[in-house]
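Working through the structure, step by step
Given next are the chains, with one letter for each unit.
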Amino acid sequence: MLELRGISKIFPGVKALDNVSITFHPGEVHGLLGENGAGKSTLIKIICGMYQPDEGEVFLNGKQVRFESFRDAMEHEISIVNQEIQVIPQYTIAENIFIDKIGKYAKAGIVNWKLINEMAGKYLKMVGLELEPTTIIGGLSAAQKQLVQIAKALSSNAKVLLLDEPTSSLTKHEAEYLFELVAKLREQGVVLIFVSHKLEEVLAICDKVSVLRDGSYVGTKVRENLTKQDIVKMMIGRETQDRYLGKLDINYDCKVLEVKDLSQAGRFSNINFDLYEGEILGFYGLVGSGRTELAKIIIGEDKKDSGEIRIHGKKAVPESMADSLYKYRLGYVSENRKEEGLLLDESVKTNIGITIWKKIVHPLTRKLNLTSEKSEANRMVEALKIKVTSADDIVGKLSGGNQQKVSIAKWLAAGCDILIIDEPSVGVDVGAKEYIHQLIWDLAKVEKKSIIVISSDLPELCTLARRILVFSDYRIAGELNDINDKYHTYDELSGRIGQYMA
Amino acid sequence: MKNSIELTAENQEVKGKSNVVVALLKRSDTSVIVATLVLFIVFAIGSSSFLSSYNLFNVFRTTSLYMFVALGQAIVLVIGGMNLSLGAIGGLAVVTAGVAMDTWGLPWWMGIILAIIVGALAGFINGIFIVRFKLNSFVVTLASSFIFTGLVFGISKGYPYTGIPKGFTLMGRDGFLGIPYLFWLMIVTLFVLWYVFKYTVIGRQILATGGNIVAARYSGIKTDRIILLGNVLSGVFAAVAGLLWISRMGSATPATGSDWMIISFAVAVIGGTALSGGAISAIGLGTAALMIALINNGLIMLGANVYFEQSFLGVIIMLAVLAESFRMKLHSSRKR
């Protein structure tokens, strides 16, 4: 049993945790929820010794403990599976699993690799990863690496296991396998703490759910009779419903983007679809189903082998994102905002201005008009309600929601009329998510932009998209094209999509 | 602060005296400027001949040469690369100019043009290998440094070219208003540098590419071209530095450039060019060049053993890096 009593943690200027008390019981999966910045990660870091609480006590099986380091916590059989995958890419799977316990498998300083590889094989089987323990880990997919991490946690015989967004890079199938594993561990009497943004998952596997809000403890509820709405209400302090935004006025006479018989060896063959003016077209599919990969071909950052792309009726041959932007006024918001979307060390002004620099130079002197850059950035900050003290704020210091607004703003500043938005609400908290949905909707409805929304979040697509292409294994497995006229429930749409994917 | 060019303090709103200190601490140039001032005062007190106009004239000439060498490194550091062949390209440019003016008897301006073309070409070769074959700049320029150095000694057989026209050496030896032409040239170049990084599309695109190359590409910047351009410019600056070296020495020595590696990194890094890319400072570069030139000169003036010069330089670089990391910590803790 792991008991937290009155935990507080203060960072300069912020009280990250304020008097939080939660008890985690063995043989129970305990969900820990909260919006970004609610204090979840601080609490997790306190449990596994990376932070020390300023006030309050931690009890492990009735005994008071104070972990001075991560290692300290590990020695008390606390283990963590983290969303930021930490592996040493050049090492084998077995080496990665046993790296922290290698001393136990050595005699006079000589490591018994045979035994280690054998043991590693055993744990790999437990997590359902059919790979040789001697495989170099660098070449594995993100999901496989995550499974290795779970194997590592198992190998340390953890009595307390923290699962911090463990499914973020897993496919549905792999996630289900993980849940089975979690159920087994529950039977073995492990204390399981499960942190996730995906409410469906939490409801599916947790026995209890505790919610944090603004560093304070909101409450703990037993899963029975708990609905998604209840949890969201606890998280943001109000109720949200599946929103119905209405009907889009799609101009079916105007195809802004046509993809014809697009093929890429080993992946796509004969992909066909159109995008109409003022439409929001959803691409649904799991990670690795081809949705993002198709988007990268359309924007010119990957090559197709055959087929044709037409933009505004004319044949388009984008060779790079630069072509997409300057020749076809097509913008792309990456699902991977921090690596592919934003210059995190730069100001909001620069991140928005980056697409318009070529427009705001003096025709003769080639001097940039920095005043135009600033006013355009301010216009966007105002229009999209980006929370900043000024347009000079560094983007890396903004919240996920505000970063996402900046990522969208830069394409709007450039006057793009076709937008591809990949996972619009990834890493964005519930309140900001709603705002971003409204923003995307208004862009299509009011500004007549044509938008492709790529998402693995089905409720999100039900809210936004008025036509959905279902991707599976690099092909379009189905199309939902009769959903613009009236409200369709999440249950109905998910049922239909499920049939296509089966 | 990364990704910004810092010549003016216009970004910092200065309110009251305590804020002045904070604003100064925020600026990456502050530590190098303070350190240079301190060194200047120490040498001025320690040696009677340090402040003589002849000596200062010399220091300022060296400063300019160091700045151009460092600029060749900084322009690739800022895009997240490096150029280990900088000195070799400089040597190649020197030999080119030597052959043109001495062996072929061409006019001095032809020598300049040819040397710069050769420098640009050498940088272009580096760039093409880095961009087209997606090779690491460390490996590419390490290999090419051997190729270029081989050419330098193969062509010159190690002998200097002494038939350099008088008009050419005037640049490196004379001055205007008591300040060497070389120093004026440096001031103009630094101003252009500042202007380019603040007010031109290409400058901003270079900074963006260095800040995050993937995000820059996904924002519509042709990052391959930017990297190629950076490498070509690096070659050009190496050639310019080589030419200035000839004009100062009065002869084209093939060994020119052999000691540029440490100078180029020292001045660039002390001057606030981020090793990870994305940041460059014109005023920092100029001051850092002055600082290294001062150390060089001041140690001689103070009668220190010149054979230990490199050790002193190493210590200074270490201190500069320490000061910078200390400043960053102070800065971020104040920001919270």
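A quick note: this is a predicted structure, and the numbers were derived from the prediction, not measured. Numbers given to residues run from 1 along each chain, matching the order in which its sequence is written. By the order in which they are written, chains take letters starting at A while ligands take numbers starting at 1. Local features in this predicted model are restricted to residues whose pLDDT is 70 or higher, and side-chain atom pairs enter the listing and the counts only when it is 80 or higher, whereas totals over whole chains, interfaces and linings include all residues. To obtain the side-chain values, all non-hydrogen atoms of the structure were included, while hydrogens and water were left out.

Okay, the overall build of chain A next. Each helix is a run of H or I in the DSSP string that is no shorter than four residues. Each strand is a run of E no shorter than two, and both are numbered from the N terminus. In terms of helices and strands, chain A carries 17 helices and 22 strands. Relative to the globule expectation of 23 Å for 502 residues, the C-alpha radius of gyration of chain A, 25 Å, shows essentially globular dimensions. The principal-axis extents of the C-alpha atoms in chain A amount to approximately 70 × 55 × 50 Å. For chain A, contacts bridging at least 24 residues in sequence account for 66% of all contacts bridging at least 6. Using a 1.4 Å probe, accessible areas were evaluated by the Shrake-Rupley method; residue-level cover was limited to the displayed protein chains. Summed over all atoms, the accessible surface of chain A reaches about 22000 Å², with 48% contributed by carbon and sulfur. For the radius of gyration, the atoms used are the C-alpha atoms, and the globule rule reads 2.2 Å times the number of residues raised to 0.38. The contact definition used throughout considers only heavy atoms, calling two residues in contact when any of these lie within 4.5 Å.

Our next topic: unusual backbone geometry. Residues and elements named next belong to chain A. A positive phi is found at N61, a non-glycine position, where the angle reads about 50°. Here N61 is to be found in the loop between strand 4 (55-60) and strand 5 (63-65). Judged by relative accessible area, N61 falls into the exposed class, the value being 58%. Even without a glycine there, the phi angle at E165 is positive, about 50°. Relative to the assigned elements, E165 resides in the loop between strand 9 (160-164) and helix 6 (172-187). Exposure classes here rest on a 1.4 Å probe applied to the protein chains alone. A residue is buried below 20% of its type maximum, exposed above 50%, and partly exposed in between. According to the relative accessible area criterion, E165 is buried, its value standing at 9%.

All names here are of chain A. How far each domain reaches was decided by an automatic or database domain assignment. Looking at the assigned domains, one finds that chain A contains domain 1 (2-236), domain 2 (243-329 + 417-429 + 448-501) and domain 3 (339-415). A separation of 35 Å is found between the C-alpha centroids of domain 1 and domain 2. Counting residues at the interface gives 6 residues for domain 1, matched by 7 residues for domain 2. Simply put, the buried area is the total loss of 1.4 Å probe accessible area from both parts when two parts are fitted together. For the pair domain 1 and domain 2, the two sides together bury roughly 500 Å², of which 53% comes from carbon and sulfur.

All names here are of chain A. By this definition, two strands are paired if DSSP reports at least two bridges between them. Across 5 bridges, strand 13 (residues 251-263) lies against strand 16 (residues 306-311) in antiparallel orientation. Residue E258 lies in a different strand from strand 16, and its bridge partner there is R310. Across 3 bridges, strand 16 lies against strand 17 (residues 314-316) in antiparallel orientation. Pairing of I309 across the sheet is with A316, part of strand 17. Linking strand 16 to strand 17, which pair antiparallel, is a turn of 2 residues; within it H312 sits at a positive phi near 50°.

All names here are of chain B. Working convention: axes come from line fits to C-alpha atoms, limited for helices to the stretch in contact. Angles between N-to-C directions cover 0 to 180 degrees. As a packed pair, helix 3 (residues 53-77) and helix 13 (residues 282-301) sit with axes 8 Å apart at the nearest point and diverge in direction by 135°. As far as their axial angle goes, helix 13 and helix 3 are oblique. As for the relative orientation of helix 3 and helix 13, their crossing is right-handed in sense. When helix 3 is examined against helix 13, the residues N55, V59, F60, T62, T63, Y66, M67, A70, L71 and A74 are found in contact with a partner set consisting of L285, G286, A289, L290, I292, A293, L294, N296, N297 and M301. When grouped by side-chain class, the residues that make up the contact of helix 3 with helix 13 number 14 nonpolar, 6 polar and no charged. In this scheme, roughly parallel covers angles under 35 degrees and roughly antiparallel covers those over 145, while 65 to 115 is roughly perpendicular and the rest are oblique. Left-handed is the label given to a crossing in which the near helix is rotated counterclockwise from the far helix by less than a right angle, and right-handed is the label when the rotation is clockwise. Three categories are distinguished: nonpolar for Ala, Val, Leu, Ile, Met, Phe, Trp, Tyr, Cys and Pro, charged for Asp, Glu, Lys and Arg, and polar for the others, with Gly belonging to the last.

So, on to the confidence of the model for chain B. All names here are of chain B. On average, residues of chain B score 83 in pLDDT, and 88% of them reach the 70 mark or higher. You can read pLDDT as the predictor saying how much it trusts each residue, on a scale of 0 to 100. Within the model, the stretch residues 1-15 combines pLDDT values under 50 with 43 contacts to residues more than four positions away or in other chains. The ipTM value of the predicted complex is 0.77, and its pTM value is 0.74.

Residues and elements named next belong to chain A. Most of helix 1 (residues 40-47) sits inside the fold, with 6 of its 8 residues counted as buried. Those residues of helix 1 not exposed but buried are K40, T42, L43, I44, I46 and I47. G49 sits one or two residues past helix 1 and shows a positive phi near 80°.

With that settled, consider the environment of S216 of chain A. Residue and element names in this part refer to chain A. The topology assignment puts S216 in strand 12 (residues 216-222). Residue class for S216 comes out partly exposed when judged on its relative accessible area of 27%. As a C-alpha pair, S216 and G401 span 185 residues in sequence and 21 Å in three-dimensional space. S216 has contacts with D18, V20 and V211, leaving out every residue within four places of it along the chain.

A few words now on the sheet that holds strand 19 (residues 418-422) of chain A. Residue and element names in this part refer to chain A. One open sheet holds the 6 strands; their spatial order is 18-19-20-15-21-22, and the pairing between them is mixed. Sheet topology places strand 18 (330-333) and strand 22 (475-480) at the edges, where each strand pairs with a single neighbour. If you compare each strand with its neighbour and ignore which way they point, the axes differ by 20° on average. Pairing of strand 18 with strand 19 involves 4 bridges; the strand directions are parallel. Across the sheet, residue G331 finds its bridge partner in strand 19, namely L419. Here helix 14 (residues 400-413) sits on the sheet and contacts strand 18 and strand 19; the angle it forms with strand 18, its principal contact strand, is near 170°.

This part takes up the UniProt feature "transmembrane region" (unreviewed entry) in chain B. All names here are of chain B. UniProt positions are given in the numbering used here, feature names are shortened, and annotations may be inferred rather than shown by experiment. As recorded in UniProt, the feature "transmembrane region" (unreviewed entry) lies at residues 32-53, 65-94, 106-131, 138-156, 176-197, 226-246, 258-275 and 307-326. Helix makes up 100% of residues 138-156 and strand makes up 0%, while its end C-alpha atoms are separated by 27 Å. Here residues 226-246 runs as 100% helix and 0% strand, with 30 Å between its end C-alpha atoms.

It is worth spelling out the sheet that holds strand 16 of chain A at this point. All names here are of chain A. What the 4 strands build is an open sheet, ordered 14-13-16-17; its pairing is antiparallel. Two strands close off the open sheet at either side, each with one partner strand: strand 14 (271-277) and strand 17. The average angle at which neighbouring strand axes cross in this sheet is 35°, direction not considered. Bridge analysis of strand 13 against strand 14 gives 6 bridges, and the strand direction is antiparallel. Residue pairing for strand 14: V259 is matched across the bridge by F273. Helix 9 (residues 291-298) contacts strand 13, strand 14 and strand 16 of the sheet and is inclined by roughly 100° relative to strand 13.

Bringing helix 3 of chain B into the picture now. One fewer than the residue count of a helix, multiplied by 1.5 Å, yields its expected span. Taking 1.5 Å of rise per residue, 25 residues should cover 36 Å, and helix 3 of chain B covers 35 Å from first to last C-alpha, within 8% of that figure. Fitting axes to the seven residues ending at a residue and to the seven starting there, one defines the bend at that residue as the angle between these axes. Helix geometry: helix 3 of chain B is bent most strongly at L71 of chain B, by close to 25°.

Let us now look at the pattern of salt bridges. Pairing of side chains with opposite charge becomes possible as their charged atoms draw close. Residue and element names in this part refer to chain A. Each salt bridge in this description consists of a side-chain nitrogen of Lys or Arg and a carboxyl oxygen of Asp or Glu lying within 4 Å of one another. The full count for this structure, using the stated rule, is 24 salt bridges over all chains. In this structure, R267 engages D302 in a salt bridge whose closest nitrogen and oxygen atoms are separated by 3.8 Å. Of the two residues, R267 is situated in the loop between strand 13 and strand 14 and D302 in the loop between helix 9 and strand 16; the sequence distance between them amounts to 35 residues. Each of E279, R467 and E479 takes part in salt bridges that share partners, so that together they form one network.

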